[in-house]
Structures are given as C-alpha cells and as structure tokens.
Amino acid sequence: MIYVIDHKDSFTHNVVHQFSLFDDVECDDFSKINKSKLNQASTIVFSPGPGSPKDYPASSKIYKKLKGKKKIIGICLGFQQILFSEGASIIEQSKIYHGFQSEVLVNKSSKLFNTGQKFKVGRYHSLKLKEPFRAENFDITMRCVISRAAMSFENNIDKIYGFQFHPESFLTLNGKLLIKKILSA
C-alpha cells in the first residue's frame, strides 16, 4: 500500500490517481495522519503543496522517523521537504515555473534512468534547491537543460527518491513510466 501525505495541493488527486495504477493508495491531510495506515504502507509519498518545507514540520518529523525503513518519494514540495529535512537550503528562484514545460537531462549519477536521456516535464514551483548540496547517499540525477536546476534525486541505499517536477502532470510526457521505475526500485 502507498500512503500519500497531502500538503493541501490541487494536484494531490492526480498524484493519488497516478500511483493507484500500481498499488492501493491511501491519502490523508498532513495535519491528520492516520498512524495505522502510515505503518502499514510500504511506500510514503510527500505530495506537492503551497509554501515552503519549513511550513510543514510534521512532515519532516515523519520523514526522519521513516528514513531507511520505508520507500519514500517526494514530488515538488515533497522533493523540497525531503532535501530540507536532510539539511538543504530551499530558496526562491529568479523565475517562477507554474504550468511550464522544461526539458530535463538524466546524468550519470542515476541508477534508474538512462544517462543522457532527455525528456519534457511539467513544472509548478517558485522554490528550488540551493546548491551545492551534500547529503550521504543522495545524488542529483536530473537537471533542467536550460537552468541546470536540480530536477530529481536518488538515494538508492535508503530507497528515497524525489522529483522537483510533477510526474503526474500531462506536461510530463512519460510520468507513468517514471513512477513505475521508482516504485520498482
């Protein structure tokens, strides 16, 4: 079972729908976590949402408690939430990307996707990872071709993955495949 932690985002329903193609999905608001469902889940998904990771201390607490115990996936704010919980700075970017399609490039750090592969993704964010960023077992695996901003990470030791973009968006051309690969990792 996959447990989606909803950060009150309009995309959460789409995230739940996309993940439900692969497994049973339960979804609860970040402020009303069902501990029984959380404990039963094999995978935890931190959803997109408004604001900044610092606005969701309960999500950081859940992440730190479950790191290395369950597969964890972060999307957009969830991507930032995981990195923030690992000590990263999340900052405003000069350009806001809302409903914007960008091309990303997979780099040699990726163990799940083909190095050099390029594809288009849907972006909906005003914040980004401040680099350089270093955390044990975390690799930035995709970058925006134009801005070079971090677009995904992999931690294959602890089974933690994140996308700054929205794999469930119609602007992401192969989002279903991305989710399938992450769930299969």
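Placed above this text is the structure.
Novice: How do you make sense of helix α1 (residues 12-19) when you look at a structure like this?
Specialist: In an α-helix there are 3.6 residues to a turn, and that puts residues three or four apart on one side. Those residues of α1 that fall on the buried side of the exposure criterion are T12, V15, V16, Q18 and F19. Projected down its long axis, α1 shows its buried positions confined to an angular sector of 165°, all on one face. On its buried side, α1 packs onto β1 (2-6), β2 (25-29), β3 (43-46), β4 (71-75) and α5 (175-184).

Novice: How should the sheet that holds strand β6 (residues 118-129) be read in this particular structure?
Specialist: Hydrogen bonds between backbone groups are what pair the strands of a sheet, and the pairing can be parallel or antiparallel. Read across the sheet, nine strands follow the order β2-β1-β3-β4-β9-β8-β7-β5-β6 without closing on themselves; strand pairing throughout is mixed. Of all the strands in the sheet, the pair left with one neighbour each is β2 and β6. For this sheet the average axis-to-axis angle between neighbouring strands, irrespective of direction, equals 25°. In terms of strand pairing, strand β5 (residues 90-106) meets strand β7 (residues 139-144) through three bridges, oriented antiparallel. Pairing of V104 across the sheet is with C144, part of β7. Relative to the sheet, helix α3 (residues 57-66) contacts β1, β3, β4 and β9 (160-163), its axis offset from that of β3 by approximately 155°. Together, β3, β4, β5, β6, β8 (150-155) and β9 form the strand contacts of helix α4 (residues 77-85), whose direction differs from that of β4 by roughly 120°.

Novice: I would appreciate a short explanation of the pairing of β8 in the present structure.
Specialist: Across a regular strand the side chains alternate sides, sitting on one face of the sheet and then on the other. Counting buried residues in β8 gives six out of six residues, a clear majority hidden from the surface. When β7 meets β8, the two strands line up antiparallel, connected through four bridges. Its bridge partner lying in β8, R143 is registered against A150. In this sheet, β9 lies alongside β8 in antiparallel orientation, the contact comprising four bridges. Note on β9: the bridge partner recorded for E154 is Y161.

Novice: Help me understand the packing of aromatic side chains in this model?
Specialist: A complete count under the given rule lists seven aromatic pairs for this structure. On the basis of an interplanar angle of 55° and a centroid distance of 4.5 Å, the ring pair of F11 and Y124 is categorised as tilted. Pair noted here: F11 is in the loop between β1 and α1 and Y124 is in strand β6, with a separation of 113 residues, a long-range link. Neither residue differs from the other here; F11 and Y124 are each classed as buried. Summarising the aromatic geometry, the rings of F163 and F165 are spaced 5.0 Å apart at their centres and angled 45° between planes, so their arrangement reads as tilted. Grouping residues by exposure puts F163 and F165 together as buried.

Rules and cut-offs
- Chains are numbered independently. Their residues run from 1 in the order of the written sequence.
- Local features in a predicted model are, by the rule used here, given only for residues with pLDDT of at least 70; side-chain atom pairs are given and counted only at 80 or more, and totals for whole chains, interfaces and linings are based on all residues.
- Side-chain metrics rest on all non-hydrogen atoms present in the structure, leaving aside hydrogens and water.
- A simple rule labels every residue: compare its accessible area, found with a 1.4 Å probe on the protein chains alone, to the largest value its type can have, and call it buried under 20%, exposed over 50%, or partly exposed in between.
- Helix and strand assignments follow DSSP, with helices taken as H or I runs no shorter than four residues and strands as E runs no shorter than two, numbered in order from the N terminus.
- What the arc measures is the spread of directions leading from the helix axis to the C-beta atoms.
- The contact rule is simple, with two residues in contact once any of their heavy atoms fall within 4.5 Å.
- Strand pairing is assigned whenever DSSP detects at least two bridges linking the two strands.
- Think of each axis as a best-fit line through the C-alpha atoms, taken over the contacting stretch in the case of a helix, with angles from 0 to 180 degrees between the N-to-C directions.
- Side-chain rings of Phe, Tyr and Trp, where Trp is taken by its six-membered ring, are said to pair if the distance between their centres is within 6.5 Å; with planes under 30 degrees apart they count as stacked, over 60 as edge-to-face, and otherwise as tilted.

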